[in-house]
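Examining the three-dimensional arrangement
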Amino acid sequence: MKLQHYQVKNARIKQAFCELKRKHPERLKQRLNLSWSNWGFGMESLVDSVKRLSCNGVQYIELHGNHYGPDLGYEPETTMQILRDYGMKVSGVCGMFSQHNDLASNVAHHRQAAIDYIRREVEFTSAVGGQYLLVVPAAVGRSAAYDEMELERSIESLRIVADEFVKHSVRAAIEPIRSAETTIVHTVAEAKSYIQAVNHLGVRHINGDIYHMQSEEEHIGEAILQAGDQLVNLHLADSNRCALGDGSMDLDTIIMALYLIGFNQEGRFVTPEPLGPGGDPYPAMYGKPDGAALDTLVLRTVSYFREREDILLEGNMGQ
């Protein structure tokens, strides 16, 4: 029977992975670095979040970018002590961009708020040893455009603060978001064009998110290959934005594509961010945490991810 289009693309990625596995097994020895984005844990204490992740074998955490003002957010020294207590490190910081700190806004003080926010988060990211700061070119949760100049304003705004990334040795990771949640930059191709337009050494990388990619990309695996070396982090959730293994996401093809681009190296991370189904997920950051449910969420996601990775790397896949 003739394969469907997505199956043909899957098969190409599988064939390339099998060839890599056969000819260069040394390139598969290091496993993918597993992190976790903690802002979906709501108002839970950082100690409780770090303890849960450490107990489940997660070595890195992507911290909520919660420095919304000079007096708000995690304090670097306290954060580092908590991480040391549980043997964990920071992968990066998840930048949070709403209508109140919007790089693309037509309200000047909202753009200034985004610029100031990035300055605070870049400094914090560097202080806690993070590799990247996630940057969204326009507000998440605002699906209606202000006007036709959003892209130009966003580029101009990010250029103003781009030197900070170089100064602090932090990568700006541009994240494409589905069009239901934001107005510009929805695909890997659009992220690459945006980066090219910013044209700054501090803005060179991409943060992918497979939940958004399933809405906007023709094929998630091919989009990962297209991102290539610019991809610094990949957010994970199943097709229903729940725990990995609870939906219909083709995790095997995603893992194979990551190995094909050499993502199993230091400074590159796969980061679960299962926020649950729905529209604007930002209210989750202020939610009351359910510790038992979060324990199950992390356990199921981590164990399923490592199980599928082990099967691909250690099993006989055939051709």
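Before going into details, it helps to say that this report is about the structure given with it. (Residues numbered from 1 in each chain as written. Predicted model: local features only at pLDDT ≥ 70, side-chain atom pairs only at ≥ 80, totals over all residues. Heavy atoms only, no water.)

1. Considering the overall build of the protein
Counting its regular elements, the protein contains 11 helices and seven strands. Its C-alpha radius of gyration of 19 Å places the protein within 12% of the 20 Å reference for a compact globule of 319 residues. The dimensions of the protein, computed from C-alpha atoms along their principal axes, are 60 × 45 × 35 Å. In the protein, which comprises 319 residues, the share counted as buried stands at 54%. (Helix = DSSP H or I, 4+ residues; strand = E, 2+ residues; numbered from the N terminus. Rg over C-alpha atoms; globule rule 2.2 N^0.38 Å. Buried < 20%, exposed > 50% of the residue type's maximum accessible area, 1.4 Å probe, protein only.)

2. Section: the packing of helix H2 (residues 46-55) against helix H3 (residues 76-85)
Taken N-terminus to C-terminus, the directions of H2 and H3 make an angle of 30°; their axes are 10 Å apart at the nearest point. Between H2 and H3, the crossing angle belongs to the class labelled roughly parallel. Here H2 and H3 pass one another in a crossing that is right-handed. For the pair formed by H2 and H3, the contact residues are Leu-46, Val-47 and Val-50 on the first element and Thr-79, Ile-82 and Leu-83 on the second. Residue composition of the contact of H2 with H3, by class: five nonpolar, one polar and no charged. (Axes fitted to C-alpha atoms, helices over the stretch in contact; angles between N-to-C directions. Parallel < 35°, antiparallel > 145°, perpendicular 65-115°, else oblique. Left-handed = near helix turned anticlockwise from the far one by under 90°. Contact = heavy atoms within 4.5 Å. Nonpolar A, V, L, I, M, F, W, Y, C, P; charged D, E, K, R; others polar.)

3. Things to note about the sheet that holds strand S5 (residues 203-209)
Here we have seven strands laid out as an open sheet, ordered S1-S2-S3-S4-S5-S6-S7, and parallel in their pairing. Of all strands in the sheet, those bounded by a partner on one side alone are strand S1 (60-64) and strand S7 (269-272). Recorded for the sheet is a direction-independent mean angle of 30° between the axes of neighbouring strands. In this sheet, S7 lies alongside strand S6 (residues 231-236) in parallel orientation, the contact comprising four bridges. Bridge assignment links Asn-233 to a residue of S7, and that residue is Phe-269. (Pairing = 2+ DSSP bridges.)

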